[in-house]
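Structural overview for review
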Amino acid sequence: MTTTTDVPSVDFDPLDQDLRFADYPVYDRIRDAGGVCWSPARGGFWAVADFALVKQIASDHQQWLSGDGVRIPPNGTPPTFALEYDRPTHTAHRQILTEAVGPRITPSYEGLVRDHARRLLPAGREAASFDLGEPYAFRLSLDVVFALIGAPDDLKHEVEVLAESLFLFRRPMPDGSDPAVRLQEILDALVADREARPRDDWLSTVVGYGHRAEAPLSQQEIHGAIVALLVGGHHSTARATGCLLAHVAAQPQLQQHLREEPGRIADAVEEAVRMWTPLRWFARTAAADARLGGVTVRRGERVLLLYAGANRDPARYEAPDVFRLDRPRSRDHLAFGWGIHRCVGMPLAQLEVRVAVEEVFARSTWVELDGDITWTSSTEPRHIPVLLR
Ligand code: HEM
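Below is a summary of the structure that appears in this document. What you see is a predicted model, and the numbers here were worked out from it, not measured in a lab. (Residues numbered from 1 in each chain as written. Predicted model: local features only at pLDDT ≥ 70, side-chain atom pairs only at ≥ 80, totals over all residues. Heavy atoms only, no water.)

This part takes up the coordination of the iron atom of the ligand. Between any two of four tetrahedral donors, the ideal angle at the metal is 109.5 degrees; between two of six octahedral donors, it is 90 or 180 degrees. Its sole protein donor being Cys343 (SG), the iron atom of the ligand sits 2.3 Å from that atom. Assignment of secondary structure puts Cys343 in the loop between helix H13 (307-310) and helix H14 (346-363). (Donors = N, O, S within 2.8 Å, 3.2 Å for Na, K, Ca; no water. Helix = DSSP H or I, 4+ residues; strand = E, 2+ residues; numbered from the N terminus.)

Moving on: the site of the ligand. Near the ligand lie 28 residues; those nearest to it are His90, Arg94, Tyr307, His341 and Cys343. A distance of 2.7 Å separates an oxygen atom of the ligand from a polar side-chain atom of His90. Contact distances for the ligand include 2.6 Å between an oxygen atom and a side-chain N or O atom of His341. Contributing elements (two or more residues each) for the shell around the ligand: helix H3 (89-101), helix H9 (219-233), helix H10 (235-250), strand S5 (281-286) and H14. Sorting elements by how many residues they give to the shell around the ligand places H9 first, with four residues. Taken together, the residues of the shell around the ligand sort by class into 18 nonpolar, eight polar and two charged. (Near = heavy atom within 4 Å. Polar contact = N/O pair within 3.5 Å; in protein donor to acceptor, adjacent residues only side chain to side chain. Nonpolar A, V, L, I, M, F, W, Y, C, P; charged D, E, K, R; others polar.)

Across the interface, H10 lies against helix H12 (residues 265-276) with an axial gap of 9 Å and an inter-helix angle of 105°. In terms of axis orientation, H10 runs roughly perpendicular to H12. Touching Ala240, Cys243, Leu244 and His247 of H10 are Ala268, Val269, Ala272, Val273 and Trp276, all from H12. Partitioned by chemical class, the residues of the contact of H10 with H12 number eight nonpolar, one polar and no charged. (Axes fitted to C-alpha atoms, helices over the stretch in contact; angles between N-to-C directions. Parallel < 35°, antiparallel > 145°, perpendicular 65-115°, else oblique. Contact = heavy atoms within 4.5 Å.)

With that out of the way, let us pick up the sheet that holds strand S2 (residues 45-48). Adjacent strands of a sheet form backbone hydrogen bonds with each other and so pair up, either parallel or antiparallel. With mixed pairing, the five strands of this open sheet are ordered in space as S1-S2-S8-S5-S3. Looking at strand neighbours, the two that pair on one side only are strand S1 (36-39) and strand S3 (64-65), the edges of this open sheet. The pairing of S3 with S5 spans two bridges and is antiparallel. Residue pairing for S5: Leu65 is matched across the bridge by Thr285. (Pairing = 2+ DSSP bridges.)

With that settled, consider empty space enclosed by the protein. Enumeration over the complete set of coordinates arrives at one cavity of 30 Å³ or more. Volume-wise, the largest cavity comes out at about 60 Å³. If you go around the largest cavity, the residues you meet are Phe146, Ile149, Ala151, Leu155, Val159, Ile186, Leu187, Leu190, Ile226 and Leu230. When contributions to the lining of the largest cavity are tallied by element, the ones reaching two or more residues are helix H5 (133-149), helix H7 (179-196) and H9. No other element matches the three residues that H7 contributes to the lining of the largest cavity. (1 Å grid on protein atoms, 1.4 Å probe; cavity = no way out; pocket = protein on both sides within 12 Å on 5 of 7 lines; lining within 4 Å. Points joined across faces, edges and corners; volume = space filled by probe spheres on them.)

Bringing the packing of aromatic side chains into the picture now. Counting across every chain of the model gives eight aromatic pairs. With a centroid separation of 6.4 Å and 75° between ring planes, the pair formed by Phe12 and Phe45 is classed as edge-to-face. Here the residue Phe12 occupies a position in the segment before helix H1 (24-32), and Phe45 occupies one in strand S2, the gap between them amounting to 33 residues. Pairwise contacts between aromatic rings join Phe12, Tyr24, Tyr27 and Phe45 into one cluster. (Phe/Tyr/Trp six-rings, centres within 6.5 Å; stacked < 30°, edge-to-face > 60°.)

What follows covers the layout of surface pockets. Roughly 380 Å³ of internal volume is contained in the second largest pocket. Lining the second largest pocket we find 18 residues, and of these Pro78, Phe167, His223, Gly224 and Val227 sit closest to its centre. Secondary structure elements with two or more residues in the lining of the second largest pocket: helix H6 (156-168), H7 and H9. Take the lining of the second largest pocket: its biggest share by element is six residues, from H9. The residue makeup of the lining of the second largest pocket, split by class, is 10 nonpolar, seven polar and one charged.

This brings us to the nonpolar core. Membership of the largest hydrophobic core comes to 82 residues, with the highest contact counts inside it found for Leu97, Leu132, Tyr136, Trp202, Leu244 and Phe323. With 10 residues, the single largest contributor to this core is H14. Residues within four places of Phe323 in sequence aside, it is in contact with Leu244, His247, Leu254, Ala268, Glu271, Ala272, Met275 and Trp276. Among the nonpolar cores identified, the runner-up in size contains 22 residues, and Trp38, Phe51, Ile57 and Val303 belong to it. (Core = buried A, V, L, I, M, F, W, Y, C linked by side-chain atoms within 4.5 Å. Buried < 20%, exposed > 50% of the residue type's maximum accessible area, 1.4 Å probe, protein only.)

Glancing now at the sheet that holds strand S4 (residues 128-131). Strand order in the open sheet made by the three strands is S4-S12-S9, with antiparallel pairing throughout. With one partner strand each, in any of the chains shown, S4 and strand S9 (367-369) form the two edges of the open sheet. Each adjacent strand pair in this sheet contributes to an overall mean axis angle of 35°, direction not counted. Note that S9 and strand S12 (residues 385-388) share three bridges and pair antiparallel. Its bridge partner lying in S12, Leu369 is registered against Val386.

In this section: H1. Buried within H1 are the following residues: Tyr24, Val26, Tyr27, Ile30 and Arg31. Projected onto a plane normal to the axis of H1, the buried residues spread over an arc of 155° and lie on a single side. Downstream of H1 by one or two residues, Gly34 has phi in the positive range, about 110°. (Arc of directions from axis to C-beta.)

None of the figures reported here should be taken as evidence of function without further support.
Printed below as a string of structure tokens:
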């Protein structure tokens, strides 16, 4: 077992709430020490912040496994569909999710996303005070994911609270109850509804896979597929949308540029997800002893892929802390991961964030900050008070 005495080490606890706004200096220290450091926190793991090394690990799914969990510490829930599986099961899971949010189907969602965005923005054409944070960025990604799953709107608030307790904050409900129990009931009811009355939607197809002759999906897998979209698609996309809108509202030159050249909004989306990397890290487990940078990682040890650190690596990005629309190879960042687990919802996320900005521009001639932006973490703007002119 690795100890802190014989290798570069860092005192880094990825769940430390005080680091939520201040993790970048830690990533700088890891890179200065060669890109890989041992951290004794949470049972011990290798923290990797060098762009090339993180990409190398994410690309090699045979050496660096996801099946032993990608969270540190494990959160005690059953493995997340696709995300926490290795091949061959991962391939089957991935195909099911690709049917819902892959590159072929996603362009057809543009109208739906636009409708939801317009519904959330203040009606009319006159100037209006509005909050682009929770009431817009956060609602939009939840509304879209609910529409794609085909879940009834009246469950939205409850499911949101349950999923946050279970997967984001990892704590019981305020009344002490176990969120997993109630979520299970809701998912059972959704599946039973499609069993009884199949519709022309993704959920009915997935429920139908439960009856396939070959490799039928278990009830747990069907639930897992639904939860993967719900959990994968909500906060991640909301953060990206919020970060970009906050930046646009605070940077008049950028706003002017994007209004004059709306074709560049897609580039702004990529630069925003690189800069603010909404999901900071995911873990892997070594399948065999391996050299990584200057260290030896033993079989069974965990490595933490610091996507947020890799995306600010000065060896990969000139002036990494500056928002720039003209970066060469701007889509090669690691905010969506890399390799076989690269975000399956990437096309949807890109579409959603772009449309969210386009619709704000369509509703206004100018967006002016109208108070302080408040953040729940360095990547999660909660309130973005603006005047839509
Ligand atoms: C800006 C928004 C998003 C970001 C930054 C993001 C980021 C990521 C990252 C970094 C991974 C790789 C995890 C790993 O390396 O272990 C991932 C995987 C995944 N994401 Fe996203 N994601 C976003 C939006 C979405 C959306 C909209 C959905 C679905 C509605 C989604 C569903 C998933 C799923 C299911 C996986 C697991 C894929 C697999 O293991 O094959 N994500 N995401």
